[in-house]
Each structure stands twice: as C-alpha cells, then as structure tokens.
Amino acid sequence: MLILVGDNPERIRSEAAFAKLCGACPIPASSGKTNRHRLNRGGNRQANAALYRVVIVRMRGHQPTLDYVQRRTEQGKSRPEIIRCLKRYVAREIYHYLCAPKPLAEPLNAP
C-alpha cells in the first residue's frame, strides 16, 4: 500500500479515489428489479490482492468482522458480496492511515 500511495499522498483526493485506485470500489450491475454491485476488475491488482488477504485473515479471527459477516449472512448476502463490502471498508481504513490530512501540531512556546 505504501508503494501505491507513493511519495505524494496528496494526489489521492478522497477515500473513494483510493478505493478506485485499489480496485475495491463497487460497480453497479443491476438489471430490472435486481439491485446488485460487482467487483471492479480495474485498479492496482497487487493492492487489491493485499486487501483480499487482509479481509480473509480478519474473517478468520477478528471478532467485529465475524459479527459483521454473521449479520450480513442473515440478511441474505453471499460470501463474495460480503468480501467486496469488507474490502471497501479496509480500503477506507488504510486511506485514513496513509493519505488523510494530518492536523498541524501546535507550535511549542519557548520560554
């Protein structure tokens, strides 16, 4: 992810742009009364693979993720749909760690 962001994280203007760059943004695939989204096959494939690995590991032992998977399964979502949603969530988290504007530190008052 650090290579994807590079030396200039300011070039990525929003979390949605970062998700698109990673290939984690959903693409509408609706038809008629069916409202669906599918996985974006574009973007940086290595970043997308890294997001996938993070999601799979979280689905094995991260309790909030397990609770989310249980809740979405009860709502009728399939495993690939749940993984797609979780990848978008993880991309949002990574964006806030790497690219979000940091507040300026307070200047120290020298005596």
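Scroll up to find the structure.
Residues numbered from 1 in each chain as written. Predicted model: local features only at pLDDT ≥ 70, side-chain atom pairs only at ≥ 80, totals over all residues. Heavy atoms only, no water.

A. Just the overall build of the chain, in detail. Within the chain, the secondary structure is distributed over five helices and two strands. Listing every helix and strand of the chain by position from the N terminus yields α-α-β-β-α-α-α. Residue burial in the chain is summarised as follows: out of 111 residues, 31% are buried. Sequence-distant contacts in the chain: of pairs separated by 6 or more residues, those separated by 24 or more amount to 51%. Summed over all atoms, the accessible surface of the chain reaches about 8,000 Å², with 55% contributed by carbon and sulfur. (Helix = DSSP H or I, 4+ residues; strand = E, 2+ residues; numbered from the N terminus. Buried < 20%, exposed > 50% of the residue type's maximum accessible area, 1.4 Å probe, protein only. Contact = heavy atoms within 4.5 Å. Areas by Shrake-Rupley, 256 points an atom, 1.4 Å probe, with all protein chains shown as cover.)

B. Representation of the packing of aromatic side chains within the structure. With the rule as written, the count across this model stands at one aromatic pair. With a centroid separation of 6.2 Å and an interplanar angle of 45 degrees, the aromatic rings of Phe 18 and Tyr 95 are classed as tilted. Here the residue Phe 18 occupies a position in helix α2 (residues 15–22), and Tyr 95 occupies one in helix α5 (residues 79–98), the gap between them amounting to 77 residues. Grouping residues by exposure puts Phe 18 and Tyr 95 together as buried. (Phe/Tyr/Trp six-rings, centres within 6.5 Å; stacked < 30°, edge-to-face > 60°.)

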